[in-house]
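# Coordinate analysis (summary)
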Amino acid sequence: MKNLLIGLFSLTLMVSCKQNQENVTDTNIALNTRTSKDLHLDASKGAINTAHSPHVKLKSLNIGDCQWTDGFWADKFKVAEEVMVPYMGKVLKGDTGHALNNFKIAAGLKEGKHQGMNWHDGDFYKWMEAATYVYAINKDEKILEELDRHIETIGKSQQKNGYLQTQTQLKNIEPFSERKYHEMYNSGHLYIAACIYYRVTGKTNFLDIAIKHADNLYSIFQPQPKELSRFGFNQVQIMGLVELYRTTKDKKYLELAEIFINMRGKSKVEPHSTVRYQHVGDMTQERTPLRESDEAVGHAVLALYYYAGAADVYAETGEKALIDALDKIWGNIVDKKMFVTGACGQKHDGGSSNRDFVHEAFTIDYEMHNAHAYNETCANLCNAMFNYRMLGVKGESKHADIMELVLYNSALSGISLKGDTYFYTNPLRRTAGHKMGITDYPDRTPYIPCFCCPPNLVRTIVKSSAWAYSLAENGLAVNLYGGNKLDTKLVDGSNIKLRQETNYPWEGDIKITIDECKAEAFDMILRIPDWAASYKLKVNGNPVNTNSKPGTFAVINRAWKKGDVISLNLPMDVKLLEGNPLIEEVRNQAAIKRGPVVYCLESPDLPIGASILDAYLPVDSKLTPTYKSDILGGVTTISGNVKLRKQSKEGMYRELKSLKWENYNAQFVPYFAWSNRGEAEMSVWLPLILN
Ligand SMILES: [Zn+2]
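Residues take numbers from 1 onward in each chain, read along the sequence in its written order. Owing to the predicted nature of the model, reporting of local features is limited to residues with pLDDT of at least 70; listing and counting of side-chain atom pairs is limited to 80 or more, with chain, interface and lining totals taken over all residues. Only heavy atoms go into the side-chain values, all of them from the structure, while hydrogens and water stay out.

## Topic: the environment of Ser293
Applicable threshold: Secondary structure elements are taken from DSSP: a helix is a run of H or I of four residues or more, a strand is a run of E of two residues or more, and numbering for both begins at the N terminus. Between buried and exposed lies partly exposed: a residue is buried under 20% and exposed over 50% of the maximum accessible area for its type, with that area taken using a 1.4 Å probe on protein chains only. In what follows, a contact means two residues having at least one pair of non-hydrogen atoms within 4.5 Å. Think of a polar contact as two N or O atoms within 3.5 Å of one another; within protein, one of them needs to be a possible hydrogen donor and the other a possible acceptor, and neighboring residues in sequence only count if both atoms come from side chains.
Within the fold, Ser293 resides in the loop between α11 (251–262) and β3 (298–299). Here Ser293 falls in the buried class, since its relative accessible area comes to 11%. Between the alpha carbons of Ser293 and Lys328 there is a distance of 7.7 Å; along the sequence they are 35 residues apart. Ser293 has contacts with Thr288, Ala325, Lys328 and Ile329, leaving out every residue within four places of it along the chain. A polar atom in the side chain of Ser293 sits 3.1 Å from the backbone oxygen of Pro289.

As structure tokens, this is what we get:
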């Protein structure tokens, strides 16, 4: 009886909701049936389209204008093209991944139930986006033919009012009834993937689905209904809506993106029918309005998607309060909550400074556990995405420094060198003695039921060439180093072609040759990484003094001509790093870094039977880098003396007696490449022996 009453109540609620929907729809019929033909589309092809964004200093490069040619990133792109994207596609289209199946079932093309997480649609859109970037480079028409088939299926699964979420449609769940269903996340990834598809191919089939979808979202949230005042959650939709605004020039989408920022921090923090009890307060960045925030809080993926979206909104509105808050949050992350690998998400579970429970999250300042770090691959990638947007609006190289740090370390650690197995979390130490948390795996795994990270990482790898340069007011900024060729237009429309030749990050010599440019003077703007103690910059063999310090952009303004060569030398010394003394976890420990690459010690490089916990690093140990083509796909390793402690270490505490040591010449390998030689122990930080 009770169930019946509840059922009747639900039915009444559903009918009234539907009536509301219909009323809304009545007034917006034209709106929700709009297509790209009703709009004036912007033809710019930026990875994020900031071509006309009024508050952006460094504009985004067009997708495909830069291609990795050889070296580190060219090799990664090749693995992505040949293994990562096709293999992942196979998984997501098959019965294990079941992502395409969900769309087919919703479209009436297949029988079955929804399988996968509530954010599985979004993960499929991310894979489609990755495949689109691959097409942008290799122009393999088979990729487009396949994507067009998927777009057709996705279109068939979309409801007439524009709503499309297979996880709610197939489970008969009322739309926008509980934010845990990740409708915002899926929406955002749909809008982004559709915009990228339009920019790369000129086709509007995917974009039309996104427009109809976003018009439905607008009709639900504008005006903002009180019951949905806290609905934003895992807010990829903010970035997606801004991108859709940039593509369609329809200000409604920008307005809606701002609404999702303005909503936060305005409601009482308590469980609610649309909010599961644990997902409240700082956990979901809803305790403090963003403009009043000065620290990164809560779930690290949710937080960084939100901040990245807010940076996109700032790029269009120029609102000072927004960028001031983002600057403070950025400082809090980089100075007090980010790992040496650029990873974010200090703990699996913990507390915020406001004493809210937080999960997979930023916690309090300097709480940097190594073995228990969460560091979801997505969060690390979102850190890079946030910084790419901040680089655009601020024009400061420190943001590209973080992008680089993430890319070489906590991003790539999420995938095997072969490109077909994944880590979800990226701790800085793994030992047999530490209990693993949820989503920790002893070794990379071919499928993760929560599949958000793999396509996120793969799409980032295949679009990294678009992050390598930005367009300045009168010039070109070099953000990332790697062998590539560039063929693009400066902001004034003039052609520029150049080549970059380097064996970075293993070597620090970078050569940039201009192949074509305008006759008038313009700026070549080179990032001098913050990790470089010094640098040498030359044009055509003649030293150039720009007075720029490491951690800034060096600007060379001159009338460039075909054949001009810029040479940059960055010192690739091996460095020992220590942490701020307030980081309890790394006191009296050191990490090894060379250039942008963080190193680790891994058990395959220790004597059989030795634990990573036995290894101590003498502070005066001579650390020697050597490039080895036969290890881990070709990497520079670092050899150096470590001391292995021989005592047994039972019990919680014990008396420290005369210590026995064994000298051992160990090999350190790049952190991103760990766990490619079987299940292993690993540590980035080693205890120091101070003489
Ligand atoms: Zn993830």
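## With respect to the pattern of salt bridges
Which entries qualify depends on this criterion: Here a salt bridge means any side-chain nitrogen of Lys or Arg lying within 4 Å of a carboxyl oxygen belonging to Asp or Glu.
Taken as a whole and judged by the stated rule, the model has 34 salt bridges. Here Arg34 and Asp215 are joined by a salt bridge, their closest N and O atoms 3.0 Å apart. Placement of the pair is Arg34 in the loop between α2 (29–32) and β1 (59–60) and Asp215 in helix α9 (residues 205–221), with a sequence separation of 181 residues. Per residue, the accessibility class of Arg34 equals that of Asp215, and both read buried. When salt bridges with common partners are traced through the structure, they connect Arg199, Glu243, Arg246, Asp312, Glu316 and Arg389 into a single cluster.

## Considering empty space enclosed by the protein
The cut-off we apply is this: Definitions used throughout: a 1 Å grid over protein atoms alone; a cavity as a set of points that fits a 1.4 Å probe which cannot get out; a pocket as an open set with protein on both sides within 12 Å along at least five of seven lines; a lining residue as one with an atom within 4 Å of a point. Grid points are joined across faces, edges and corners, and a volume is the space filled by probe spheres set on the points. In this count, Pro and Cys sit with the nonpolar residues alongside Ala, Val, Leu, Ile, Met, Phe, Trp and Tyr, while Asp, Glu, Lys and Arg are called charged and the others, Gly among them, polar.
Across all of its chains, the model carries 7 cavities of 30 Å³ or more by this definition. Reported here for the largest cavity is a volume of approximately 120 Å³. Put simply, the parts of the chain that give the lining of the largest cavity at least two residues each are α5 (120–138), α8 (183–201), α10 (236–248), α14 (377–394) and α16 (453–467). When its residues are assigned to classes, the lining of the largest cavity shows 9 nonpolar, no polar and 6 charged. Its volume calculated, the second largest cavity comes out at about 80 Å³. Every residue lining the second largest cavity is counted, 16 residues in all, and those nearest its centre are Ile48, Thr50, Tyr388, Arg389 and Gly392.

## Description of the confidence of the model for the chain
What counts here: You can read pLDDT as the predictor saying how much it trusts each residue, on a scale of 0 to 100.
Mean pLDDT over the chain: 93, with 95% of residues reaching 70 or higher. Under a pLDDT of 50 for its full length, residues 1–30 has, in the predicted model, 6 contacts with residues more than four places off or in other chains.

## Observations concerning the packing of aromatic side chains
Note the threshold: For this analysis, a ring pair means two rings from Phe, Tyr or Trp (six-membered ring only for Trp) whose centres lie within 6.5 Å, classed as stacked if their planes differ by under 30 degrees, edge-to-face if by over 60, and tilted for the remaining angles. Placement of a positive charge over a ring is assigned whenever Lys NZ or Arg CZ falls within 6 Å of the ring centre and within 35 degrees of the normal to the ring plane.
Throughout the structure, instances matching the rule amount to 29 aromatic pairs. Plain terms: the ring middles of Tyr616 and Trp661 are 4.9 Å apart, the flat faces sit at 80 degrees to each other, and that makes the pair edge-to-face. A residue pair is termed long-range when its members are at least 10 positions apart, and Tyr616 in strand β20 (residues 615–618) and Trp661 in strand β23 (residues 661–670) qualify at 45 residues. When its relative accessible area of 17% is taken as the criterion, Tyr616 is described as buried. With a relative accessible area of 32%, Trp661 lands in the partly exposed category. Within the aromatic cluster, the residues linked to one another by ring pairs are Trp68, Phe72, Trp73, Tyr408, Tyr481, Tyr504, Trp506, Tyr627 and Phe672. Over the ring of Phe72 we find Lys76, and its NZ or CZ is 5.3 Å from the ring centre. When the ring centre of Trp560 is taken as reference, the NZ or CZ atom of Arg558 above it lies at 5.2 Å.

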